[in-house]
Amino acid sequence: MVCIPPEHYAIVHNPVVRDEHGNVVVNDKGEDKLRHGDEEIRFNQDPFHLHFGEVCGPITPLPIIKENQAIVLQAKRDFEKGIEDHKANNGKEKEEDSQPRKAGEKWQLKGPLVYYPTVGVEIVKIVSAIVLGPNRALHLKATDDCNDWKGVPRKAGEEWIVRTVGAYLPEVYEEVVSELTGKVLNYKTGLHIRAKRTFTNEDGIKRKAGDEWLVTWEDTEVYFPGINEAIIQETPLKVLTHNQYCIITNPYDPETRKLRLGATKLQKGPATFFLQPGETISEVKTARILKANQGLWLTAKAEFIDDNGTKRLPGSQWLVTGPRPFWEFPEIQIKSRADALISIRPLGIYIFSPFVAALWVLLFAFFVWRWW
């Protein structure tokens, strides 16, 4: 006798054929007629004996699917009218399992429930939800054409990121490639990102393969690289104190979102900034402090606009006098140092030009001669 306890089942191989009233069908020789190669699943019932030719498999507990779990099933034969003998823990047929199924088709049932196995349906696996915290994400890949949990159509082989906080239960045709940890950014650190292939991000910005850009804490506090993005390196914050300066080569133009290749830019302190990908920085220098009686003769090597807003042409010369800090632009060359020829500190008069100094000497001699 075979006794199947509650919440258990057994698979009987080569079961007998029964008529519409449940009676065993016999052949013309009086032998029990068997469904050779077929199976029958039996649940808790009164003890029964096996007919000649029947083979009973092991008695197995019914799969219990908990909250935030799902059981993945696969049809081994076609079910044109749906799977009618699946029952949940309430003994009622599940509506979604009455759909027609094709052999090889996969689907899943979410818990909590007790699953009653069905002939022709294979239990593939039981999956558990993955709990995502604020700095966690999932890298998913579609194993076949499907719709994700938001209803977005996905093609086989397509990959995407899920960042929703909470328990996430992968769908049937979703494969978890990896769990990601977000990069926490602060005001001192930025991320150098490169596009692995051409794509359009969530903000509608089109990135071409090989494009590089910077992500800072002003953009996001926690950064998850997308499927089409790669983190190249962390970029530290550059800090310039008072009277410090540096030269930036290939400066980034925020209007065109491109580098001005071959150009240079003078960055004065005090300032804090991140170098954009492709930019290079010279040695940080300290501005030269010119006293009231000091000056510098300068020559322009290229056309530029100085810090006074004056346009300088190549080859032009001019004098810069103190008192002031002097930042050496990359487009200028210091020709010589100049000291005031005449210094009258109480009056704040400093004369650097020899011609003007000669006039002052003549005027001074004239007044001395006139009054003396």
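Placed above this text is the structure.
As the structure is a computational prediction, the values presented were derived from the model and not from experiment.

A few words now on the overall build of the protein chain. The helix and strand tally for the protein chain stands at one helix and 40 strands. In the protein chain, buried positions account for 35% of the 372 residues. Taking the intrachain contacts of the protein chain between residues at least 6 apart in sequence as the baseline, contacts between residues at least 24 apart amount to 65%. If you sum the accessible surface of the protein chain, you get close to 23,200 Å²; carbon and sulfur atoms cover 52% of it.

Quick look at the nonpolar core now. Residues Leu266, Leu298, Phe304, Trp318, Val320, Phe326 and Ile332 are the most contacted members of the largest nonpolar core, which totals 15 residues. Of all elements in the fold, only β25 (244-249), β33 (294-300) and β36 (317-321) reach the threshold of two or more residues within this core. Here the element with the most residues in this core is β33; it accounts for three residues. Those residues in contact with Val320, other than ones at most four positions away along the chain, are Leu290, Gln294, Gly295, Leu296, Leu298 and Phe326. Ile65, Ile71, Ala75 and Tyr115 belong to the second largest nonpolar core, which has 10 residues in total.

A complete count under the given rule lists three aromatic pairs for this structure. The interplanar angle of 80 degrees and the centroid separation of 6.1 Å between the aromatic rings of Trp149 and Tyr168 together place this pair among those described as edge-to-face. Here Trp149, found in the loop between β12 (146-147) and β13 (153-154), pairs with Tyr168, found in strand β15 (residues 166-168); they are 19 residues apart in sequence, far enough to count as distant. Trp149 gets classed as partly exposed once you look at its relative accessible area, which sits at 39%.

Note that Val16 resides in the loop between β1 (8-13) and β2 (39-43). Among the residues examined, Val16 registers a relative accessible area of 2% and is labelled buried. With 24 residues separating them along the chain, Val16 and Glu40 place their C-alpha atoms 9.3 Å apart. In this view, Val16 contacts Val24, Asp32, Lys33, Leu34, Arg35, His51 and Glu54; residues no more than four positions away in its chain are not counted.

Take the sheet that holds β33 next. Pairing is antiparallel in the open sheet, where three strands are placed in the order β36-β33-β38. The sheet is open, and its two edges are formed by β36 and β38 (332-339), each paired on a single side. On average, each strand axis in the sheet is inclined to that of its neighbour by 25 degrees, with strand direction left out of account. Two strands pair when backbone bridges link them, and β33 and β36 are joined in this way by five bridges, in the antiparallel orientation. Counted as the bridge partner of Leu296 is Val320 from β36.

Opposite charge on two side chains permits pairing when their charged atoms draw close. As enumerated under the stated definition, the model contains 14 salt bridges in all. Among the salt bridges present, the one from Arg136 reaches Glu179, with a minimum N-O distance of 2.9 Å. One end of the pair, Arg136, is in strand β11 (residues 136-142); the other, Glu179, is in strand β16 (residues 174-181), with 43 residues separating them in the sequence. With relative accessibility at 43%, the residue Glu179 sits in the partly exposed group. With a shortest N-O distance of 3.1 Å, Lys311 and Glu303 are connected by a salt bridge. We classify Lys311 as exposed; its relative accessible area is 52%. Through salt bridges with shared partners, a single network forms among Arg35, Asp38, Glu40, Arg42, Glu54 and Arg77.

What counts and what doesn't
Residues numbered from 1 in each chain as written. Predicted model: local features only at pLDDT ≥ 70, side-chain atom pairs only at ≥ 80, totals over all residues. Heavy atoms only, no water. Helix = DSSP H or I, 4+ residues; strand = E, 2+ residues; numbered from the N terminus. Buried < 20%, exposed > 50% of the residue type's maximum accessible area, 1.4 Å probe, protein only. Contact = heavy atoms within 4.5 Å. Areas by Shrake-Rupley, 256 points an atom, 1.4 Å probe, with all protein chains shown as cover. Core = buried A, V, L, I, M, F, W, Y, C linked by side-chain atoms within 4.5 Å. Phe/Tyr/Trp six-rings, centres within 6.5 Å; stacked < 30°, edge-to-face > 60°. Pairing = 2+ DSSP bridges. Axes fitted to C-alpha atoms, helices over the stretch in contact; angles between N-to-C directions. Salt bridge = Lys/Arg side-chain N within 4 Å of Asp/Glu carboxyl O.

None of this, on its own, says anything about what the molecule does.
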